Amino acid sequence: AQSVAQPEDQVNVAEGNPLTVKCTYSVSGNPYLFWYVQYPNRGLQFLLKYITGDNLVKGSYGFEAEFNKSQTSFHLKKPSALVSDSALYFCAVRANTGGFKTIFGAGTRLFVKA
Amino acid sequence: GAVVSQHPSRVICKSGTSVKIECRSLDFQATTMFWYRQFPKQSLMLMATSNEGSKATYEQGVEKDKFLINHASLTLSTLTVTSAHPEDSSFYICSARDSGRGSYNEQFFGPGTRLTVL
């Protein structure tokens, strides 16, 4: 069965500092991995995805994520946080064995302080 | 880009009434749409997968007679909450898969519908 863990309910970081939002996953076979961001009372916005290839994936708004197969992790990173990055971030995984069912993590709230 | 709309964005209804929520893919065809429910400060819970022209596939624990899903066209899926009760109050989000893309691509999400049942 697929599962996604986001071990931190909230991450606090000062503006200008690097940020990391953690995600680990469990899936049969090779995974498709995604990060989404959600602002209050809004749907999810796609940030980036890993399908295959380079383990470092670059996405929207300066975010990137590194796929680590041995650690089954897909942490989201940004070199310099902005106050406007404050939002709820979801990691998601989908098995590549067919089907389209995507499982979401519990979400991590990022708070960037000016 | 791929845009998914939901209507209404907010709805307040009395207990016992039914509410219909629409999900539309505006610039692409979606043979598959998904309905999620999100409780405050919680993740998205997949309720059902909606396939155009066929019956929806419900996740375990989701009452199919309570949450009626219809996917009559390639651009429209509807979720009807029947005989709504206060515990059905939640944020409902739909997403759509672009039929023209591979299965490894992201889903496109609607902005969500906030349902409040009094």
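Structural data are supplied above this passage.
Residues numbered from 1 in each chain as written. Chains lettered and ligands numbered in written order. Predicted model: local features only at pLDDT ≥ 70, side-chain atom pairs only at ≥ 80, totals over all residues. Heavy atoms only, no water.

Here the focus is unusual backbone geometry. Of note, the amide linkage connecting His7(B) to Pro8(B) takes the cis form, showing an omega dihedral of 0°. Checked against the element boundaries, Pro8(B) lands in the loop between strand S1 (4-7) and strand S2 (10-13). Backbone geometry at Tyr61(A) places phi at a positive 55°, although glycine is not the residue there. Tracing the sequence through the fold places Tyr61(A) in the loop between strand S7 (56-58) and strand S8 (64-68). Located in the positive-phi region is Thr72(A), a residue other than glycine, with phi close to 45°. For Thr72(A), the position within the fold is in the loop between S8 and strand S9 (73-78). For Thr72(A), a relative accessible area of 30% translates into the label partly exposed. (Helix = DSSP H or I, 4+ residues; strand = E, 2+ residues; numbered from the N terminus. Buried < 20%, exposed > 50% of the residue type's maximum accessible area, 1.4 Å probe, protein only.)

On to the environment of Arg10(B). The topology assignment puts Arg10(B) in strand S2. For Arg10(B), a relative accessible area of 56% gives the class exposed. Along the chain, Arg10(B) and Gly112(B) lie 102 residues apart, while their C-alpha atoms are 8.5 Å from each other. Apart from the residues within four sequence positions on either side, Arg10(B) is in contact with Asn41(A) and Arg114(B). (Contact = heavy atoms within 4.5 Å.)

So, about the nonpolar core. Counting 28 residues, the largest nonpolar core has Trp35(A), Leu47(A), Leu48(A), Phe74(A), Leu76(A) and Tyr89(A) as its most contacted members. Of all the secondary-structure elements, those providing two or more residues to this core are strand S2 (10-14), strand S3 (19-21), strand S5 (31-38), strand S6 (44-50), S8, S9, strand S10 (87-95) and strand S12 (108-113) of chain A. Take this core: its biggest share by element is five residues, from S10(A). Beyond its immediate stretch of four places on either side in the chain, Leu47(A) contacts Trp35(A), Tyr36(A), Val37(A), Gly59(A), Ser60(A), Tyr61(A), Phe63(A), Leu76(A) and Tyr89(A). In this structure, Cys23(B), Val62(B), Val81(B) and Ala84(B) belong to the second largest nonpolar core, which totals 26 residues. (Core = buried A, V, L, I, M, F, W, Y, C linked by side-chain atoms within 4.5 Å.)

Glancing now at the interface of chain A and chain B. Taken together, the contacts link 21 residues of chain A with 22 residues of chain B. Buried area between chain A and chain B, both sides added, is near 1800 Å², and the carbon and sulfur share of it is 55%. Along the contact surface separating chain A from chain B lie zero salt bridges. At the junction of chain A and chain B, the tally comes to four residue pairs in polar contact (both at pLDDT 80 or more). Looking at the side of chain A that touches chain B, the elements that each hand over two or more residues are S5, S6, S10 and strand S11 (102-104) of chain A. Among the elements that take part in the side of chain A that touches chain B, S5(A) stands out by supplying four residues, more than any other. (Buried area = accessible area lost by both parts, 1.4 Å probe. Salt bridge = Lys/Arg side-chain N within 4 Å of Asp/Glu carboxyl O. Polar contact = N/O pair within 3.5 Å; in protein donor to acceptor, adjacent residues only side chain to side chain.)

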